[in-house]
Amino acid sequence: MKETSPMTMKDIARNLGISVATVSRALSDSPRISLERRRQIQAYAQEHNFTPNVLAESLRHSRVKPMKVIGVIVPELAHYYFATILKGIEEEAEQHGYRIMVAQSGEHYEREVQLCKSFYENKVCGIIVSQAKDTQRYDHFQRLIEAGVPLVFYDRICTGIDSSRVVVDDYMGAYNAVTHLINTGCRRIAYFGAQMNMEISKNRFNGYKDALLKNGLPFDERMTRTCDNRQDAEAITPDLFDDEVYPDAFFAVNDDTAIGILYAVKRMGLRVPEDISICGFTNDERATSCDPMLTTVEQRGITVGKEAASILIGKVEGLLPMDHPEKRIVRTRLILRGTTR
């Protein structure tokens, strides 16, 4: 079997000139087929990397009505935003009689590849996925599409493949947040962002940069750092105050990073927001647990999840064409709290 064209029982039957029923019985080791014939068919299937439909086989021998199952790949289950997306997917799926099978990639490419393979082997009706941070090869996604498996990306999309996707308006979310900082008097706005191999990172950075330029402020690379977690933010933030020109505001790629900045500047004796303004991106529950509470861009994860599930179910049930990628954008909104003026 070529990786891009998964073998089916129908293929085996056609290639060997026998019926699908004979192939099915042989692969199930049924005594109704001669031992020699069984071994021939099983050897052919193994040689061509045929993957049996594990889920379908178990359901066929069950008296329970088969469930429609959607595979969902989450980078991190502990991340608040992904948890809200998962809630939206599950709610939408349940309304249409579907169940979800969830696994996390742990932000690792190799794990993501294995999960795609596992979901395919278990014959889920489709897969909803947000790619891992270090994913830069997309063959595993392309194989799913070529095998006819409905695939929908959310949040972190794969730009190397023209597939269905649901994203928030990262660019405008960042642009509006930085514009607010400028409108409240900030002039030296630092940016803490994630790796630039991800589309969301590029969009948020471009929103930040364009907001500066369109408001007549210069873009200064000295004010930018690759940093997307609280621990690193707490360690890196003081370095920006070593120069004569230092920030009077920070825009962070997520709330975790923004909170790290907040605690770092407070330990330095700076007042928030009088001396330093801070804005995050997510609006998770920690945004209201810090002091002062965090101004942030709300991503509306539940809506993202519902939209992703809606697209996938539409593909599965023939309501949306398989050969036409569905692309939807969920609007963000700026939530003003105590870390900005």
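Cut-offs applied
Residues numbered from 1 in each chain as written. Predicted model: local features only at pLDDT ≥ 70, side-chain atom pairs only at ≥ 80, totals over all residues. Heavy atoms only, no water. Pairing = 2+ DSSP bridges. Helix = DSSP H or I, 4+ residues; strand = E, 2+ residues; numbered from the N terminus. Axes fitted to C-alpha atoms, helices over the stretch in contact; angles between N-to-C directions. Contact = heavy atoms within 4.5 Å. Phe/Tyr/Trp six-rings, centres within 6.5 Å; stacked < 30°, edge-to-face > 60°. Buried < 20%, exposed > 50% of the residue type's maximum accessible area, 1.4 Å probe, protein only. Lys NZ or Arg CZ within 6 Å of the ring centre and 35° of its normal. Salt bridge = Lys/Arg side-chain N within 4 Å of Asp/Glu carboxyl O. Right-handed = clockwise from strand over helix to strand, strands pointing away. 1 Å grid on protein atoms, 1.4 Å probe; cavity = no way out; pocket = protein on both sides within 12 Å on 5 of 7 lines; lining within 4 Å. Points joined across faces, edges and corners; volume = space filled by probe spheres on them. Nonpolar A, V, L, I, M, F, W, Y, C, P; charged D, E, K, R; others polar. Core = buried A, V, L, I, M, F, W, Y, C linked by side-chain atoms within 4.5 Å. Expected span 1.5 Å × (residues − 1). Polar contact = N/O pair within 3.5 Å; in protein donor to acceptor, adjacent residues only side chain to side chain.

Peer 1: Please clarify how the sheet that holds strand β11 (residues 327-330) should be interpreted in this entry.
Peer 2: In space, the six strands of this open sheet follow the order β2-β1-β3-β4-β5-β11, with parallel pairing throughout. Every other strand in the sheet has two partners, leaving β2 (98-104) and β11 as the edge strands with one partner each. Ignoring which end each strand starts from, the neighbouring axes of this sheet average 20° apart. Bridge count for strand β4 (residues 151-154) against strand β5 (residues 164-168) is three bridges, and the pairing is parallel. In the strand pairing of β5, V152 is matched with S164. The strands that helix α7 (residues 139-146) touches are β3 (126-129) and β4; relative to β4, the one it contacts most, it runs at about 140°.

Peer 1: Could you clarify how one ought to interpret the packing of aromatic side chains in this entry?
Peer 2: Between two aromatic rings, the relevant description is the distance of the centres plus the angle of the planes. In the structure shown here, the tally under the stated rule is 14 aromatic pairs. A centroid spacing of 6.0 Å and a plane angle of 45° characterise the contact between Y81 and F82, whose relative ring orientation is tilted. Per residue, the accessibility class of Y81 equals that of F82, and both read buried. Ring plane angle 35° and centroid distance 5.7 Å describe the contact between F241 and Y246, whose orientation is recorded as tilted. The partly exposed category is assigned to Y246, whose relative accessible area is 39%. Taking the ring centre of F281 as reference, the NZ or CZ of R204 above it sits at 3.9 Å. Its end group placed over the ring of F219, K209 keeps NZ or CZ at 4.8 Å from the ring centre.

Peer 1: Can you help me understand the pattern of salt bridges in this one?
Peer 2: Side chains bearing opposite charge may pair, as long as their charged atoms lie close to each other. As enumerated under the stated definition, the model contains 18 salt bridges in all. Between R156 and E107 there is a salt bridge, with its nearest N and O atoms 2.6 Å apart. Within this pair, whereas R156 is found in the loop between β4 and β5, its partner E107 is found in the loop between β2 and α6 (109-121), the two being separated by 49 residues in sequence. One salt bridge connects R271 with D275, and the closest N-O pair in it is separated by 3.1 Å. Among the charged side chains, a network of salt bridges with common partners joins K87, E91 and K306.

Peer 1: Quick question: what am I supposed to make of the pairing of strand β1 (residues 68-74) here?
Peer 2: On a regular strand, each side chain points to the face opposite its neighbour's, so the side chains alternate between the two faces of the sheet. Counted residue by residue, β1 has six buried out of seven residues, so it is predominantly covered. Here seven bridges tie β1 to β2, and the two strands are oriented parallel to one another. Within the sheet, the bridge partner assigned to I73 lies in β2 and is A103. Running through helix α5 (residues 80-95), the crossover from β1 to the neighbouring parallel element β2 is right-handed. Here β1 pairs with β3 via four bridges, running parallel. The residue of β3 that forms the bridge with I73 is V129.

Peer 1: For this particular structure, what's the right way to read empty space enclosed by the protein?
Peer 2: Over the atoms, a rolling probe the size of a water molecule traces out where space has been left empty. In this structure the tally under the stated criterion is one cavity of 30 Å³ or more. D220, R222, M223, R225, D239, L240, D243, V245 and P247 together form the lining of the largest cavity. Here the lining of the largest cavity is built from residues that sort into four nonpolar, no polar and five charged.

Peer 1: Would you mind going over the nonpolar core with me for this structure?
Peer 2: Nonpolar side chains in soluble globular proteins tend to end up buried together. Counting residues in hydrophobic clusters, the biggest one holds 40 residues, and the most contacted among them are V178, I189, Y208, F250, F251, I261 and I278. Put simply, the parts of the chain that give this core at least two residues each are α8 (170-183), β6 (189-193), α9 (199-214), β8 (249-252), α11 (255-267) and β9 (277-282). The greatest single-element share of this core, amounting to six residues, is contributed by α8. Judged by nonpolar contacts, the second largest core, of 22 residues, contains V74, Y81, Y98 and Y154.

Peer 1: What should I look at first to understand α11 in this one?
Peer 2: Owing to its 3.6 residues per turn, the α-helix brings residues three or four apart onto one side. For α11, built from 13 residues, the straight-helix expectation of 18 Å at 1.5 Å per residue is met to within 8% by its first-to-last C-alpha distance of 18 Å. Among all positions in α11, only D255, T257, A258, I259, G260, I261, L262, A264 and V265 are buried. Taking the backbone nitrogen of D256 as reference, a side-chain oxygen 3.4 Å away marks N254 as the first, capping residue of α11. At the exit of α11 stands G269, carrying a positive phi of roughly 90°.

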